[in-house]
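Secondary and tertiary structure notes
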Amino acid sequence: MPFRLLLLLILSLPTAFPAEIEFSEPRISYFDGIDVENKCMSRLERRIEGKNGILVSHSHYDIALYNGSRNCFIMLAAPIGYRIRLRIIKFDVNGLMPECEKDTLHVFDHETPIDPNQPHRPTDEAVIPGPLLGQFCGKVTNTSELVVSRLNAMTLWWHTDPDLPKQHGGVGFKILWSAFRKEMSAPCAPGHEFACGNKECIPASLACNSYGDCSDDSDLQPVRQLQNKCELAVCLCLLCICICFCAPRHAAAAQQPKFQHEQDSRKEYTPATEETSSSSRDGNKYCPPPRQPQPPTFYPPSPPMRG
């Protein structure tokens, strides 16, 4: 019965989360992917809308080196009113800062807001990138803040050397992008936004993942996560662990009577004695004597006679 109660509790737990809060890990997108959605686009044809995500140089990151002769664009669009921050998770490509003559990631700002709810029109003048925020190559270890947009949009351009050999020293990169805003314009909205420790606001759905979307990583502090009702996600995780642990034990307990019956049937038989015979005459069940083994019905052949 406790096993069934746990299962019902897990199934009903998602209804306890506020409808406006979605707890999920950042979505992963690739500049140079193997599927249609992550195909390398050489023009401003690809736009990613959302509140955060992870950008990876190529699909086989950590398995194979990135490809040469690539020219890939991605535009990021956060909800209007937010800005976009880039943070390095890993960055190791060929080249030396600040020249970055070959394999380079360029980041451009936008001078007009981009409405993520409107269809993306690559030929519209409003989507044309603005000033360059920075260009990056080599090994970058900055983990707090790489660049920040002025408005809610940003364009990234990743290009590699067309003469790049198959065996080169570049690994690729993984970058976290997050929507945020300064608290100076308005206080963080309770239930909809998470208040960082440095007077920044991020969408509440970003506060319970495993990445620091606040520049000061205050969204990874347990106390602040509890204030954002992240304990519900923790409870769900603990219940899942419990259900995985209890399920095998519950199944084993269900099989126990069957195993016990088989063990009882294999117990050594005790021949009947005068005491047991007399007890059988008193009304108890009488157990017949064990069956005696029978002699073999054939004998092995005799060894051949020597001549």
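Residues numbered from 1 in each chain as written. Predicted model: local features only at pLDDT ≥ 70, side-chain atom pairs only at ≥ 80, totals over all residues. Heavy atoms only, no water.

In the nomenclature of an unreviewed UniProt entry, the chain is known as CUB domain-containing protein of Pristionchus fissidentatus.

With respect to burial, strand β5 (residues 83-92) is a largely interior element, 7 of its 10 residues being buried. With 9 bridges joining them, β5 and strand β10 (residues 172-182) adopt antiparallel strand pairing. Along β10, the bridge assignment pairs I88 with I175. Bridging between β5 and strand β8 (residues 147-148) involves 2 bridges; their strand directions are antiparallel. Paired with L86 across the strands is V147, a residue of β8. (Buried < 20%, exposed > 50% of the residue type's maximum accessible area, 1.4 Å probe, protein only. Helix = DSSP H or I, 4+ residues; strand = E, 2+ residues; numbered from the N terminus. Pairing = 2+ DSSP bridges.)

One side chain can pair with another of opposite charge once the charged atoms of both are near each other. Considering all chains together, one arrives at 9 salt bridges under this definition. One salt bridge connects E200 with R85, and the closest N-O pair in it is separated by 3.0 Å. Taken as a pair, E200 in strand β12 (residues 200-203) and R85 in strand β5 lie far apart in primary sequence, 115 residues in all. Note on E200: relative accessible area 2%, which makes it buried. With relative accessibility at 0%, the residue R85 sits in the buried group. Two residues, E200 and K182, come together in a salt bridge whose shortest N-O distance is 3.1 Å. With E200 in strand β12 and K182 in strand β10, this residue pair connects regions lying 18 residues apart in the sequence. Taken together, the shared-partner salt bridges in this structure form one network comprising R85, E145, K182 and E200. (Salt bridge = Lys/Arg side-chain N within 4 Å of Asp/Glu carboxyl O.)

A separate point is the state of the cysteines. According to the stated counting rule, one finds 4 disulfides in the structure shown. The disulfide bridge from C40 ends at C72, spanning 1.9 Å between sulfur atoms. Across the S-S bond of C40 and C72 the torsion is about -105°, and the bridge reads as left-handed. With C40 in the loop between β1 (27-32) and β2 (47-49) and C72 in strand β4 (residues 71-77), the pair connects residues that are 32 residues apart, well separated along the chain. Here C100 pairs with C137 through a disulfide, and the sulfurs are 2.1 Å apart. Judged by the torsion about the S-S bond (-85°), the C100/C137 disulfide is left-handed. Of this pair, C100 sits in the loop between β5 and β6 (104-109) while C137 sits in the loop between β7 (132-136) and β8, and the two are 37 residues apart along the sequence. Comparing C100 with C137, the two get one shared label, buried. (Disulfide = S-S within 2.5 Å.)

For the chain, the average pLDDT comes to 79, and 67% of its residues sit at 70 or higher. The secondary-structure element of the chain with the lowest mean pLDDT is helix α4 (residues 274-281), recorded at 46, while strand β3 (residues 52-58) shows the highest, at 98. In the predicted structure, residues 5-20 sits below a pLDDT of 50 and forms 21 contacts with residues beyond four places in sequence or in another chain. Throughout residues 295-307 the model reports pLDDT below 50, and contacts reaching past four residues in sequence, or to other chains, amount to 0 contacts. (pLDDT = per-residue confidence, 0-100. Contact = heavy atoms within 4.5 Å.)

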